[in-house]
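Listed below, chain by chain, are the residues.
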Amino acid sequence: MRPTLPRVGFAVTAASAVVLATVAPAVATPSPDAVIAEVYGAGGNNGATLKQDYVELANRGSAAVDLTGWSVQYISANPGATTTWQVTPLTGQIAPGKTFLVAEQKGTGGTVDLPAPDATGNIAMSGTAGTIALVNGTAALTCKTAADCAADTKIKDLIGYGGATVREGNATAALTPTTSAFRAVDFGDTDDNAADFKLGEPRPVNSKGEGPGTTPPDPTPQPGDKRIHDIQGVTRFSPLFGQKVTGVPGVVTGTRATGDRGFWIQDTEAPDADPRTSEGIFVYTAGAAPTVAVGDKVLVSGTVAEYRPGGDTASNSNQTLTEIAQATVATLSKGNPVPAPVVLANIPTGYLPDAGGASIESLPLEPGKYGLDYYESLEGTLVQVNDARVVGPSNAFNELWITVNPDQNKAARGGTVYTGYDQPNSGRLKVKSTTPVPASNVGDVFQGATVGAIEYTNFGGYTLAALQLGQHQSGGIQPEVTQQGRNSELSVATYNVENLDPSDPQDKFDRLAKGVVTSLRSPDVVVLEEIQDNNGAVDDGTVAADQTLQKFVDSIVAQGGPRYGWRQIDPANKQDGGEPGGNIRVGFLFNANRVSFVDRPGGDAVTPVSVVKKNGRAALSVSPGRIEPANVAWENSRKPLAGEFKFKGRTVFVVANHFNSKGGDQAIHGRYQQPNRSSEVQRAKQAATLRGFVDQVKAVDPGANVVLAGDLNDYQFSPAVRTFTSDGAMKALIETLPVNERYSYVFEGNAQVLDHILISRNITRFGYDVVHVNAEFADQASDHDPQIVRLRPSTGNAQVDEILFAIEDLADCLRG
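Residues numbered from 1 in each chain as written. Predicted model: local features only at pLDDT ≥ 70, side-chain atom pairs only at ≥ 80, totals over all residues. Heavy atoms only, no water.

Asker: Which residues make up the overall build of the protein, and what are the values?
Answerer: In terms of helices and strands, the protein carries ten helices and 41 strands. Overall, the protein is about 105 × 65 × 45 Å in size when its C-alpha atoms are taken along their principal axes. Burial status across the protein gives 57% buried among its 816 residues. Taking the intrachain contacts of the protein between residues at least 6 apart in sequence as the baseline, contacts between residues at least 24 apart amount to 71%. Each charge class in the protein can be summarised by its mean position, and for the 67 positive and 88 negative side chains these summaries are 5 Å apart. (Helix = DSSP H or I, 4+ residues; strand = E, 2+ residues; numbered from the N terminus. Buried < 20%, exposed > 50% of the residue type's maximum accessible area, 1.4 Å probe, protein only. Contact = heavy atoms within 4.5 Å. Lys, Arg positive; Asp, Glu negative; His and termini not counted. Charge placed at Lys NZ, Arg CZ, Asp CG, Glu CD.)

Here it is, written out as structure tokens:
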């Protein structure tokens with residue numbers, strides 16, 4: 001189900017933008033079902049065509065609304081002390097996605113009758129300004145101000161037109177004998193009348209779908225003057241948005257009876273020759289399952305809509321889906337041939353046009369140049385992908401990601417690697433099925449034809465709404481196991497354990513523990529991210545995480561691993577971001593039989609660690625210690641934790657990190673191009689602060705060993721990571737791997753890097769590995785892959801290192 005039925009396009013004009021900026025605060029809660037859809041008060045007036053005033057109601061919900069005992073009420077635009085509400089009682093019900101017509105007083109003019117009304121009253125509405133309320137009750141209202149009416153819980157919906165005093169938000173403009181105020185498509189309701197309603201030609205529709213002057217149905221309905229390609233147009237936004245269309249012809253190519261219910265049609269008789277205009281479209285049936293069948297030849301009438309997944313707000317960067325809403329359908333014949341699907345293969349590698357950060361929705365499509373323009377030119381059209389390779393694993397919503405450009409930045413294990421902001425990989429395509437999909441990992445293939453219609457959805461953008469899946473075949477990938485380290489090597493791993501707390505199933509602990517013991521081969525130090533407090537998301541002020549860590553360590557022992565010690569610092573309650581109440585933090589596990597943790601007391605949530613000199617070498621003032629916890633860079637984000645370790649007499653400084661998330665960034669596939677990556681601002685501050693700490697260590701001790709590890713929530717080519725690597729001070733180990741192996745996370749079919757290990761440049765002997773055990777798999781213990789470095793800490797003297805390493809090599813060789 002759609003969480004909202006938003007209006008789209010209300011901010012197109014300057015006037016409506018001003019309305020948005022001046023919304024009055026006195027509004028009630030938007031109705032989830034019954035609303036006022038249209039009002040007209042000039043029936044029978046001079047210059048009017050219609051003979052009678054009316055109020056049209058609608059049901060935007062998924063279940064019928066019983067109106068028995070309800071009423072439509074009217075009050076004048078500027079009520080005085082003696083002014084009262086006039087009442088028209090109601091009976092009957094409104095079906096989901098349908099309308100209900102209430103006729104009011106007739107005038108002496110006009111030439112056209114209303115369609116048969118569903119209820120009738122005798123209210124003489126003003127033709128220019130007034131207020132109509134839909135009320136759960138028949139007693140006359142008593143409120144006479146916007147604030148008082150907003151507080152009246154009996155009022156289901158309300159519209160003030162023509163500058164009326166009683167209104168929701170701002171009143172609409174004044175009506176005329178030739179204009180009504182009608183609610184925009186999908187009956188969207190934000191409780192701002194000026195934004196929710198448009199003025200235009202009066203078009204009353206009753207519960208049977210009949211309009212003004214309706215006569216018995218024509219036994220042979222005829223197509224109207226608009227085809228699908230006229231509705232789709234040459235841009236992303238329909239040139240007929242908000243307009244009613246009649247008799248749009250097409251053949252049904254697919255139906256959907258759950259979720260966003262509706263069906264797809266295509267024009268098989270009179271397509272145009274313009275590659276920019278799609279010949280297919282989705283017909284939205286709201287709460288009702290479609291009654292048509294594949295192969296039906298139909299004529300569709302309704303309102304042209306633009307549905308923006310996630311809601312129609314300026315901050316929502318999603319594009320829209322062009323559709324026909326509030327539809328009525330005439331079936332002309334059945335069993336007609338369905339058009340052959342368009343085969344998608346090796347589409348343009350360009351992604352989207354660059355509008356300098358502005359919206360691309362008004363730009364003419366260039367389907368021969370940009371991959372996503374190509375998808376848009378096929379919106380609503382039946383398409384086919386042969387032997388579709390999975391590049392993003394399946395999930396609980398019956399979704400997965402495939403590629404139609406199999407050779408585009410192909411990963412070593414079958415995915416698609418995100419190598420730069422200019423390489424977003426146009427071949428990625430989300431597949432969403434209404435039936436269960438087999439558990440699918442990256443590299444799996446759906447052999448044969450996967451067929452469906454192109455649409456635009458939340459959480460991924462362009463989507464193949466699957467009507468038929470190919471035969472699933474496993475690609476055979478297995479969880480990886482890193483190589484065994486040597487005795488002379490200090491092994492440091494990082495693992496985001498995804499909101500781990502004691503209430504998680506033991507199976508999650510066991511699988512994460514197995515990853516540490518088997519896949520990572522029990523590293524000497526494990527940097528952990530997303531350790532939650534002892535009761536997880538319960539928001540009761542708990543911040544300690546000793547039970548979480550104890551359970552994890554016990555699980556590691558049960559898997560055959562060492563009994564790790566741990567170090568961490570409890571954060572201040574609700575100051576470090578993440579799941580509310582969870583108090584996630586970073587921390588260290590360490591194997592005391594291999595490496596020593598240097599404890600220096602005094603570290604807590606608010607005390608900053610500093611670098612001091614001891615015996616001529618760098619040391620931490622407190623260990624563990626948080627780096628500048630009061631710095632604004634860490635606001636509502638995890639503070640980095642520095643720890644001092646000793647390995648074979650050499651000091652190694654390890655910093656555990658979890659930078660702020662990418663929440664708030666505009667979608668890579670969205671309407672704003674290039675997208676604004678607003679979250680980068682805070683990560684840039686975090687990187688600068690952390691780099692400052694590294695520089696402090698190096699200023700005291702140029703030969704110090706520094707390891708930065710954790711979830712930096714950013715790419716190897718990002719400004720944040722470049723803060724450490726641009727001058728060679730630190731080495732991002734992900735860049736030592738072949739390009740097709742540079743990933744630790746899979747998002748929307750892009751295999752990408754969020755997790756990092758960086759080492760100071762004086763560490764010259766190391767081996768590095770991202771160990772793929774989660775991100776590519778449908779069944780995951782975490783959404784991140786861990787990674788590990790096996791390194792030889794430096795003594796601080798390159799010549800001594802050369803001799804020492806040679807001796808260690810010999811000792812390792814003798815050990816076998």
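Asker: Account for the pattern of salt bridges, naming residues and giving values.
Answerer: For the structure shown, the criterion picks out 42 salt bridges. Across the pair Arg236 and Asp373 runs a salt bridge whose closest N-O atoms are separated by 2.6 Å. Taken together, the residues span a long stretch of sequence, with Arg236 in the loop between helix 4 (228–232) and strand 13 (244–256) and Asp373 in helix 5 (residues 371–376) at a distance of 137 residues. Of the charged contacts in the structure, one is a salt bridge between Arg677 and Glu680, with a shortest N-O distance of 3.0 Å. (Salt bridge = Lys/Arg side-chain N within 4 Å of Asp/Glu carboxyl O.)

Asker: Could you give an account of the packing of aromatic side chains, with specific residues and numbers?
Answerer: Evaluated as defined, the whole model comprises 17 aromatic pairs. Ring centres of Phe588 and Phe645 lie 5.4 Å apart, and the angle between their planes is 85°; on these two criteria the pair is classed as edge-to-face. Of this pair, Phe588 sits in strand 28 (residues 585–590) while Phe645 sits in strand 33 (residues 641–647), placing them 57 residues apart in sequence. Classification of Phe588 as buried rests on a relative accessible area of 0%. In this structure Phe645 comes out as buried when scored by relative accessible area, which is 1%. Put simply, the rings of Tyr418, Tyr421, Tyr715 and Phe717 pair up and form one aromatic cluster. In this structure, Arg677 is placed above the aromatic ring of Tyr421, and the distance from its NZ or CZ to the ring centre is 3.6 Å. (Phe/Tyr/Trp six-rings, centres within 6.5 Å; stacked < 30°, edge-to-face > 60°. Lys NZ or Arg CZ within 6 Å of the ring centre and 35° of its normal.)

Asker: Quick one: what's the story with the nonpolar core, residue by residue and with numbers?
Answerer: Among the nonpolar cores identified, the biggest contains 56 residues, and Phe588, Phe693, Val707 and Leu708 are the most heavily contacted of them. Setting aside residues no more than four positions away along its own chain, Leu708 makes contact with Val655, Asn657, Leu690, Val694, Phe724, Met730, His756, Ile757 and Leu758. Core analysis: the second largest hydrophobic core is formed by 25 residues, Ile347, Val385, Leu429 and Val431 among them. (Core = buried A, V, L, I, M, F, W, Y, C linked by side-chain atoms within 4.5 Å.)

Asker: Hey, could you go over the sheet that holds strand 7 (residues 99–106) for me, with residue numbers and the actual values?
Answerer: Read across the open sheet, the six strands follow the order 8-7-2-1-11-12; overall the sheet is mixed. This sheet does not close on itself; its edge strands, each paired only once, are strand 8 (119–120) and strand 12 (197–200). Relative to strand 2 (residues 52–59), strand 1 (residues 34–40) is paired through six bridges, and the arrangement is antiparallel. Looking at strand 2, one finds that Val39 is bridged to Val55. (Pairing = 2+ DSSP bridges.)

Asker: Let's hear about the sheet that holds strand 40 (residues 766–770): which residues, and what values?
Answerer: Spatially, the six strands line up as an open sheet ordered 27-28-26-25-41-40, and their pairing is mixed. Edge strands, defined here as strands with exactly one partner in the open sheet, are strand 27 (565–567) and strand 40. Looking at each pair of strands side by side, their axes are set apart by 20° on average, direction ignored. Two elements, strand 25 (residues 490–500) and strand 41 (residues 787–791), share five bridges in a ladder whose sense is antiparallel. The residue of strand 41 that forms the bridge with Leu490 is Leu791. Strand contacts of helix 6 (residues 506–519): strand 25 and strand 26 (525–531), with the helix running at about 165° to strand 25, the strand carrying the most contacts. (Axes fitted to C-alpha atoms, helices over the stretch in contact; angles between N-to-C directions.)

Asker: Go over the side chain of Ser377 with me, naming the residues and quoting the values.
Answerer: Position of Ser377 among the secondary structure elements: in the loop between helix 5 and strand 19 (382–392). There is a polar contact of 2.7 Å between the side chain of Ser377 and the backbone oxygen of Tyr374. Beyond its immediate stretch of four places on either side in the chain, Ser377 contacts Pro275, Arg276, Thr277, Ser278, Leu365 and Pro367. (Polar contact = N/O pair within 3.5 Å; in protein donor to acceptor, adjacent residues only side chain to side chain.)

Asker: Outline the side chain of Glu529, listing residues and values.
Answerer: Mapped onto the elements of the fold, Glu529 is located in strand 26. Polar side-chain contacts of Glu529 include one of 2.7 Å to the side chain of Thr494. Residues in contact with Glu529, not counting those within four places in the same chain, are Thr494, Tyr495, Asn496, Val497, Glu498, Arg585, Val586, Asn657, His658, Gly710, Asp711 and Asp755.

Asker: Account for unusual backbone geometry, with residues named and values stated.
Answerer: Following Ser623, the chain continues to Pro624 via a peptide bond in cis, the omega torsion being 5°. The residue Pro624 is located in the loop between strand 31 (617–620) and strand 32 (625–626) in this model. Gln674 follows Gln673 through a cis peptide bond whose omega is -5°. For Gln674, the location among the structural elements is in the loop between strand 34 (650–658) and helix 8 (680–700). The phi torsion at Asn636 lies on the positive side, around 55°, for a residue other than glycine. Mapped onto the elements, Asn636 comes out in the loop between strand 32 and strand 33.

Asker: Kindly report on helix 6, identifying the contributing residues and their values.
Answerer: Counted at 1.5 Å a residue, the expected span for helix 6 with its 14 residues is 20 Å, and the 19 Å between its end C-alpha atoms agrees. In this fold, the buried residues of helix 6 make contact with strand 25, strand 26 and helix 7 (546–558). Of the residues flanking the end of helix 6, it is Arg521, one or two places downstream, whose phi is positive at about 60°. (Expected span 1.5 Å × (residues − 1).)

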